[in-house]
Amino acid sequence: MKLLPVTMYGDRILRKKMDKVKEVDNETIELITNMFDTMRNASGIGLAANQVGVNKAIFIVDISLVEGYEESKPMVFINPEIVKYSEEKTFFEEGCLSIPDIREDVERPESVIIKYYDTDLKEQILDADNLMARVIQHEYDHLQGILFTDLVDDETKKRLKAPLKRIKKRKIDVAYPISETVDYQLVM
Ligand code: NI
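Below you will find a few notes about this structure.

## As for the pattern of salt bridges
- One pass over the full model with this rule turns up 8 salt bridges.
- Note that Arg 134 is salt-bridged to Glu 94, the shortest N-O span being 2.7 Å. Taken together, the positions of Arg 134 in helix α2 (residues 130-143) and Glu 94 in strand β4 (residues 89-94) put the pair 40 residues apart, joining distant regions of the chain.
- The class for Arg 134 is buried, based on a relative accessible area of 6%.

## Quick notes on the coordination of the nickel ion
- Only Cys 96 (SG), His 138 (NE2) and His 142 (NE2) from the protein reach the nickel ion as donors, at distances of 2.1 to 2.3 Å.
- Sequence spacing of the donors to the nickel ion: C-x41-H-x3-H. Separated by 46 residues along the polypeptide, Cys 96 in the loop between β4 and β5 (104-109) and His 142 in helix α2 bring together distant segments of the chain.

## Details of the sheet that holds strand β3 (residues 75-85)
- The strand order β1-β2-β3-β6-β7 describes an open sheet built from 5 strands, whose pairing is antiparallel. Looking at strand neighbours, the two that pair on one side only are β1 (46-48) and β7 (123-129), the edges of this open sheet. The mean angle between the axes of side-by-side strands here comes to 40°, regardless of whether they run parallel or antiparallel.
- On the sheet, helix α1 (residues 26-41) packs against β1, β2 (58-61) and β3 and is oriented at approximately 40° with respect to β2.
- α2 rests against β1, β2, β3, β6 (111-117) and β7 of the sheet, and its axis sits at about 100° to β3.

## A word on the pairing of β6
- Burial of the side chains of β6 is restricted to one face: Val 112, Ile 114 and Tyr 116 are buried, whereas none of Ser 111, Ile 113, Lys 115 and Tyr 117 on the reverse face is.
- Relative to β6, β3 is paired through 5 bridges, and the arrangement is antiparallel. Residue Lys 84 lies in a different strand from β6, and its bridge partner there is Ile 113.
- Sheet topology places β6 next to β7; 7 bridges connect them, and they run antiparallel. Its bridge partner lying in β7, Ser 111 is registered against Asp 129.
- The turn linking β6 back onto β7 is made up of 5 residues, and Leu 121 within it adopts a positive phi angle of 55°.

## Quick word on a negative patch on the surface
- Taken together, the side chains of Glu 87, Glu 88, Glu 110, Asp 127 and Asp 129 present a region of like negative charge at the surface.
- With respect to the element layout, Glu 87 can be found in the loop between β3 and β4.

## Quick notes on a positive patch on the surface
- Together, Lys 165, Arg 166, Lys 168, Lys 169 and Lys 171 make up a region of like positive charge exposed at the surface.
- Along the chain, Lys 165 turns up in helix α3 (residues 154-168).
- For Lys 165, a relative accessible area of 51% corresponds to the exposed category.

## Focus: α2
- Its 14 residues place the ends of α2 21 Å apart at the C-alpha level, agreeing with the 20 Å of an ideal helix rising 1.5 Å per residue.
- At the C-terminal side of α2, Gly 145 shows a positive phi close to 85°.

## Points about the nonpolar core
- Membership of the largest hydrophobic core comes to 31 residues, with the highest contact counts inside it found for Ile 58, Ile 60 and Ile 99.
- Those elements that provide at least two residues to this core are α1, β2, β3 and α3.
- By residue number, the principal contributor to this core is α1, which donates 5 residues.
- Not counting residues within four places of it along the chain, the set of residues in contact with Ile 58 comprises Val 21, Thr 28, Leu 31, Ile 32, Met 35, Leu 47, Ala 48, Ala 49, Val 76, Phe 77, Ile 78 and Leu 143.
- Formed by 21 residues, the second largest nonpolar core is a distinct cluster that contains Ala 57, Phe 59, Ile 82 and Tyr 140.

Definitions and limits used
- Chains are numbered independently. Their residues run from 1 in the order of the written sequence.
- Where local features are concerned, this predicted model is filtered to residues with pLDDT of at least 70; where side-chain atom pairs are given and counted, the filter is 80 or more; whole-chain, interface and lining totals use all residues.
- Computation of side-chain values covers all heavy atoms of the structure but excludes hydrogens and water.
- The term salt bridge refers to a side-chain nitrogen of Lys or Arg lying within 4 Å of a carboxyl oxygen of Asp or Glu.
- Strands here mean DSSP runs of E at least two residues long; helices mean DSSP runs of H or I at least four residues long; both are numbered from the N terminus.
- Only protein chains enter the area calculation, which uses a 1.4 Å probe; residues under 20% of their type maximum are buried, those over 50% are exposed, and those in between are partly exposed.
- Counted as donors are N, O and S atoms no farther than 2.8 Å from the metal, or 3.2 Å for Na, K and Ca; water is not among the atoms, and sites may therefore look incomplete.
- Here, any two strands with at least 2 DSSP bridges between them count as paired.
- Where helices are involved, their axes are fitted lines through C-alpha atoms of the stretch in contact, as for all axes, and angles between N-to-C directions lie from 0 to 180°.
- Throughout, a contact is declared for two residues whenever any of their heavy atoms are within 4.5 Å.
- Residues form patches when they are more than 30% accessible in relative terms and have no salt bridge. Like charges link within 9 Å. Nonpolar side chains (Val, Leu, Ile, Met, Phe, Trp, Tyr) link within 5 Å.
- Here, Shrake-Rupley sampling with a 1.4 Å probe gives the accessible areas, and only protein chains in the shown set may cover a residue.
- In this tally, Lys and Arg are treated as positive and Asp and Glu as negative; His is ignored, and so are the chain termini.
- By convention, the point assigned to a charge is CZ for Arg, NZ for Lys, CD for Glu and CG for Asp.
- Take the number of residues in a helix, subtract one, and multiply by 1.5 Å to get its expected span.
- To qualify as a nonpolar core, a set must consist of buried Ala, Val, Leu, Ile, Met, Phe, Trp, Tyr and Cys residues joined through side-chain atoms within 4.5 Å.

Set out below in structure tokens:
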């Protein structure tokens, strides 16, 4: 089992749009395997490649540990594109392995249709609702450089300023390997 350090709020790769994958080689398969290990070790149900510092449009989801979703299979989404969002929206409390100890209600469409490629680079299409739609949208956002804390109201954003700053400075206690802190004064 190989655990990859998880990038934290403030790391620049979390703000970038990820590059498309052109071929699924051994290195890509190894990355995906390591992402599953890293996600499960951290008790996560979704993880995007930029959360392990890799610039590739890949995310993984496994919600089978959540009550009521035991039958759900682990999934890999390569070069995903959400092609339809439902008009109905719901609020749900989200968290993120890159934003430890912060959980907030986020409003999102209740269901989505997502086009993506599997590990054989075969095009797939999935109609997702409930928790699956929620996780897919959260991870898809990661690949566009968007974090769930961007989607809360202004009052909540204000309240999150100090805790997010602590994460940037690594003044946090996290039970899984995380990326090293950088001197933000030197980052232009
Ligand atoms: Ni996340």
